[in-house]
Structures are given as C-alpha cells and as structure tokens.
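Residue-level structure breakdown
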Amino acid sequence: MTGPAFVKQPGDGAPPVLKLSGAWTLRSLAKAGRDWQARFTQSAAGGGFSWNCLDIEALDSAGALLIWRAWGRRRPDTLLIRPEHARIFERIAAAEQEPAAPVVPRSPFESLIVLGAWMLGLVRHGRDFLILLGQLVLDLLHLVRHPADIPKREISANIYKSGVRAMPVTALVGFLIGVVLSYLSSLQLRQFGADLFIVNILGLGLIRELGPVLVAVLVAGRSGSAMTAQLGTMRVTEEIDALATMGVPRSLRLIFPKVVALGLAMPLLVLWTTALALAGGMVAAQVQLDIGHGFFLETLPKAVPVANLWIGLAKGVVFGIAIALIACHFGLRVAPNTESLSANTTASVVSAITVVILLDAIFAIATRGIGMPKL
Amino acid sequence: MNAPVIRIRNLSTRFGTVWIHRHLDLEVARGEHVALVGGSGSGKTTLLRQMIGLLTPTEGEIRLFGEPLFGGGVARERALRQRLGVLFQHGALFSAFNVFDNIAFPLRELKLLDEALIHDLVMLKLEMVELLPRHALLMPAELSGGMVKRVALARALALEPELLLLDEPTAGLDPDRSDSFVRLIRTLGNELGLTVLFVTHDLDTLASLASRVAVLAEQRILAYGSIDEIMRLDHPFIRNFFLSERSQRALAHGH
C-alpha cells in the first residue's frame, strides 16, 4: 500500500483539480509526518478546488478528518469520490451536527471561589476527623459494655505488622543516629574539656526528644502509608461496603484495632529504638572520648531523671494514636481512582509527620518543668 | 494481505502442573466476527491475553496478520500492537484521565498528529460510540457501566485497528444496554471492516454478533464453524451450552 499523496492539476479555465491518491489512514499519515500534513493543509488553503478522491486506496476517519478540514469543514461543490468513502464523510458531517459541550464562562471571582472551596475542604476534613474520633469513643464505650466484641485478633495482627516488623529498620536507624550524634558532640565537647557531659546530651536528647520523634517519622512513613493504602484499596474494591452489609461496623473492625495497636506498639518501639541509639552513642563515646561502657551506664540514671523516660513513652503513645488516626482518616477519603489513592497516601504521611512535630512542640511546653536535671 | 488475521498453531499453555491448552489450532479470516465460547476455567481469557501478547504460551506460536507477535525489535512489535484494539472486561479506563484524555491518549502517544486533529478525531470516535460531546469531560468514576464500555470501545478504536478483541463485551450490562452495545459493535465492525474476536458467556450476544463460533473445550478448539454447524455437533459441552431450554430461548430470539 502506498502512502498518501496529492497532486495539483491546473484546470484550463475551470477550477484547478486536487487529486488525492494512496492510503489516507492514521498509520500512513503518521508515517508521512506532521510536516507533510501541514504541507497538504497549506496546498488546499483558499478553497475553490475541484476534488478528485477516486484514487484513494484506503481511508479511515483520521485521513478523512484531515481532508475534511482541508475542505473547510463542508463538502466541496465538485467532488469525485467512491461511495464507500463518501459514507465516512457523512459520518463526520453528522458528528459536527452534535452541539458542542457548552463552555462555562470563567467567573470574575475565580480566585475567591478557589479559596472558598479550599476553606470548605478544610472544614470538611475537620468534620470528618471529628466524626472518626467520636465513632472511636463510641466504639470504646461499646467495648467496655461488651468485652467479647474486642477485636483481639486484628489488634494482635496490627501490632505484629506495624510494631514487630518495624523493629529491624528502627534499630538500624536508631543505632546509626546514636553513633553520629555522639561522634559530632564529642568533637565539640573535647574542645571545652567537657567530655563527661556526653552522657547528659545523649541521654536527655535521645530519651526525651529524638527517640520518640525518630520512631514517629519512621512509623508514619512505614505503617501510616500502608494503613492509608489498605483502607483506600478496600474502599475502591467495595470491601468496606461489604463489611458494613454483614453488620460488621467498619470503625470497630478496621480502624479501632489500628489505633489501639499503634498506641501499644509505638511506646515499645520508642523504648527499643532509644535503647539502640544509646548503645550506638555509647560505642562512639568509647572510641572518641575513651569513656567506658560501665561508666556510661552508671552515669546515665544520675544525669537523666527517670521522668524523661515516662515523657518519651507518653509521647510514643500519643504519636502512635495520632499517626493511626490520620492514616485511617485519609484512607477513608480515597475515591475510586488511582490518582486519589496516591494523593491521599501522600497527604496521610505528610500530615502525620507534621502533626507529630506539632504535638512534640505542645509536649515540650507542657512538660517544661518536669524531668530537667538539677545541676 | 490474504494471510489469516489470527493464526494459532499447536499452542499449549501450562499453569504450574495443569495444562490449560494442548495443541490448540485456530485460524480467523479477515472480516469474520468470531465468538470464543467455553466453560468456566477453559482458558478463554488466557487465550485472548496470549493473542494480545500479555501472556506467552508455553509452546506453539501465534501470528497476527501473518506476523509473529514477538521479536523483530520494539518498533515492529509496537506497530503490530497498533493494528489491534482491545476492550477489557471492565473497560480498564485510566481513572486519572477524563473521557477525552482516555481516548486521546493512544493518539497522542503517536506524537505525529497535531492537537486540533486529535480533538476532532476524539469527538468523531465519541459520536461513533453514540456518546455526546459533553460526556468528554466526565471522569471514568462518574460513568455508568454501559458508558464505560462505550468509552473503552472508542479508545480501542482510536488507532483505527483492523482487529478488535473483546473480553466479555456485555458482562455487567442490563439486557437493554447489552443489546444496543452489541448492535453498536456489529455496525462498527461492518462499517470499518473489522475482524472481531470476542469471548462471551452470553448467548444473546453470541447469536446477534457472531458469524462463526469457536468452541474451546478439552484443552483445544473443539469446533469452529457457523452457529448452525456447531449446534449439529453432538458433544456434552455443546449440548449443555446451546441446547438447554434457556439457550434455545435466547437463540430463537436472536435469529
């Protein structure tokens, strides 16, 4: 099959003839290229031609549309064409009869509308979150009265998934952060001859502040995103609706166990990660400052009042519950398409980390008089 | 030019230890509307996916338009894929794009057409599947089941294929919509000179669309012929499928 071709023939007084031949199909036109298409459109510009389309070997809607546009979107006055090709043009002409979609004029208050929609979206977020929270309280009351309904298996599974399975990565990150922190601090402390304060810096910093926040960031990225994606996919595949029709309340079976499990697992992860970070710091302190492990462990309880440990663990509980709540909130907002799933998972992780930092700031203010060592 | 559109030779497929197809042969000539029928789990969809090139058979070869499906470089494989359009069972529309962008996507991927021509082409395809221009701006999530199928059909037809493969084209549609969708496929198939191969369970669809029927049973194409020829065969599957009371009603209705 030959490619598309056109020849202009002078008409001897009559209008000039444009003779088309070859295959006018999507594939052959694509092969001929955009420049060729532009050249054809240019040659036909101005109109007033007599058209001969009898030599066209193959014609599909793409080729027909190109010719149709060269005709100026109407059948030319003099046209030679095979009947089977004429049908394609009739179809195009019929399609043009369809009224185009009405164009909605842009409102002059466009920016105001966008702002308003954004604010309403924010309000809706707040309301949905409040409903989620209220539902959880109701679930809790229900479970106090009917302890048999406690979803023990789900809670246990979630503790394993988001707690136990997170232990290797939090251990690795915690240990390395401990090493880095200890190494960098020791370089400075040695200049002042204040080597011994390495225990205070590491102990206070890691147990009270860095440990909980570090674990929260890791868990938000690891388990929070997984929870959002899981709930989102369950919404897309209507599994959540199926649960509801069986009389299983979704909040009790899907959300409550996640919140409880992360509330239980997070303080334990905080303890585990902080311990490993301290171990990392201890190793680096011995290498850099020649502070022995025995001395380090002996000084730690004296340098860091035990209240700091409780604060760290309390942070773990609060951060864990917050991450799970936010993950579930965004998971339930997923609309049945892929774009929404990815957008909500991203929003879930970003919001969870932001909220954790905010909560941490509130903790810092609320506990400013507690647990500071007396020097 | 006269090579059969689909030629399957000695095809065998194994999943684990189970043979799905054994020495299967099938030839589909240009312009035929072929229904592929068979019991549940007989490997109809698997065979369809092998024709598209999504799965490779364990043994044997599939040729489309006389050319092998695989090999010969990316450009050749791509050119061959562009000659066939596929309608997946659930439409498989890209959920992040609206209807217009879904249909325009394969055209834009060619990178050889200007945007104005693509716009006109998409509108033409929409009209071909009997949708209105205002539907172009809807998202797939906002469409009814029947409209999803129509948009998916428009997208399958975007690249002007010569071969159309349909997986359960009427599954999930009510009888009325299913009838009009079948009518649409038949009209377009005749008008555009398409070769159509479709997998179906639905006798109404089969009776009103198929010019020939391929029966997939006992791991091979048990029979291939017109509906009347197939119904004359004596085989337990064919008896069950075509000659039950329910089927008779459907066929009488279709003729």
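Since the structure is predicted, the reported quantities are computational estimates derived from the model, not experimental observations. (Residues numbered from 1 in each chain as written. Chains lettered and ligands numbered in written order. Predicted model: local features only at pLDDT ≥ 70, side-chain atom pairs only at ≥ 80, totals over all residues. Heavy atoms only, no water.)

With that out of the way, let us pick up the pairing of strand 8 (residues 195-199) of chain B. Residue and element names in this part refer to chain B. Extensive coverage of strand 8 is indicated by the burial of five of its five residues. Here strand 8 shows a buried face lined by Thr 195, Leu 197 and Val 199 and a second buried face lined by Val 196 and Phe 198. The pairing of strand 3 (residues 33-38) with strand 8 spans four bridges and is parallel. Paired with Ala 35 across the two strands is Phe 198, which belongs to strand 8. (Buried < 20%, exposed > 50% of the residue type's maximum accessible area, 1.4 Å probe, protein only. Helix = DSSP H or I, 4+ residues; strand = E, 2+ residues; numbered from the N terminus. Pairing = 2+ DSSP bridges.)

What follows covers the pattern of salt bridges. Scanning the model with the defined rule gives 23 salt bridges over all chains in all. The salt bridge partner of Lys 315 of chain A is Asp 360 of chain A, with a shortest N-O separation of 2.9 Å. Pair noted here: Lys 315 of chain A is in helix 12 (residues 307-331) and Asp 360 of chain A is in helix 13 (residues 338-366), with a separation of 45 residues, a long-range link. What makes Lys 315 of chain A buried here is its relative accessible area of 2%. Accessibility expressed as a relative area gives 10% for Asp 360 of chain A, which makes it buried. The partner of Glu 27 of chain B in a salt bridge is Arg 9 of chain B, with the nearest N and O atoms 3.5 Å apart. Taken together, the residues span a long stretch of sequence, with Glu 27 of chain B in strand 2 (residues 18-28) and Arg 9 of chain B in strand 1 (residues 6-15) at a distance of 18 residues. On the accessibility criterion, Glu 27 of chain B (37% relative accessible area) is partly exposed. On the basis of relative accessible area, Arg 9 of chain B is assigned to the partly exposed category, the value being 43%. (Salt bridge = Lys/Arg side-chain N within 4 Å of Asp/Glu carboxyl O.)

Another point: the domain arrangement of chain A. Partitioning chain A into structural domains gives domain 1 (5-96) and domain 2 (121-366). Taking only C-alpha atoms into account, the centre of domain 1 of chain A sits 67 Å from that of domain 2 of chain A. (Domains from an automatic or database assignment.)

Glancing now at a nonpolar patch on the surface. A contiguous nonpolar patch, built from Phe 109, Leu 112, Ile 113, Leu 115, Trp 118, Met 119 and Leu 122 of chain A and spanning about 790 Å² of accessible area, is present on the exposed surface. By the element assignment, Ile 113 of chain A lies in helix 5 (residues 110-145). (Patch = residues over 30% accessible without salt bridge, like charges linked within 9 Å, V, L, I, M, F, W, Y side chains within 5 Å. Areas by Shrake-Rupley, 256 points an atom, 1.4 Å probe, with all protein chains shown as cover.)

The next thing to look at is the packing of aromatic side chains. Throughout the structure, instances matching the rule amount to 14 aromatic pairs over all chains. With centroids separated by 5.2 Å and ring planes inclined at 65°, the aromatic side chains of Phe 94 of chain B and Phe 105 of chain B adopt a geometry described as edge-to-face. Note that Phe 94 of chain B is positioned in the loop between strand 6 (84-87) and helix 3 (99-110) and Phe 105 of chain B in helix 3, a separation of 11 residues in sequence. Residue classification places Phe 105 of chain B among the partly exposed positions, given a relative accessible area of 31%. Ring-pair connections join several aromatic residues into one group, and the members of that group are Phe 6, Trp 24, Trp 36, Phe 40, Trp 51, Trp 68, Trp 71 and Phe 89 of chain A. In this structure, Arg 22 of chain B is placed above the aromatic ring of Trp 19 of chain B, and the distance from its NZ or CZ to the ring centre is 4.1 Å. Across the ring face of Phe 70 of chain B, the terminal group of Arg 81 of chain B is positioned such that the distance to the ring centre comes to 5.5 Å. (Phe/Tyr/Trp six-rings, centres within 6.5 Å; stacked < 30°, edge-to-face > 60°. Lys NZ or Arg CZ within 6 Å of the ring centre and 35° of its normal.)

In this section: the nonpolar core. Counting residues in each nonpolar core, the largest one holds 84 residues, and the members touching the most others are Trp 24 and Trp 51 of chain A. For this core, the leading source of residues is helix 5 (residues 145-157) of chain B, giving eight residues. The next biggest cluster of nonpolar side chains, apart from the first, holds 35 residues, and it includes Val 213, Val 259, Leu 269 and Ile 326 of chain A. (Core = buried A, V, L, I, M, F, W, Y, C linked by side-chain atoms within 4.5 Å.)

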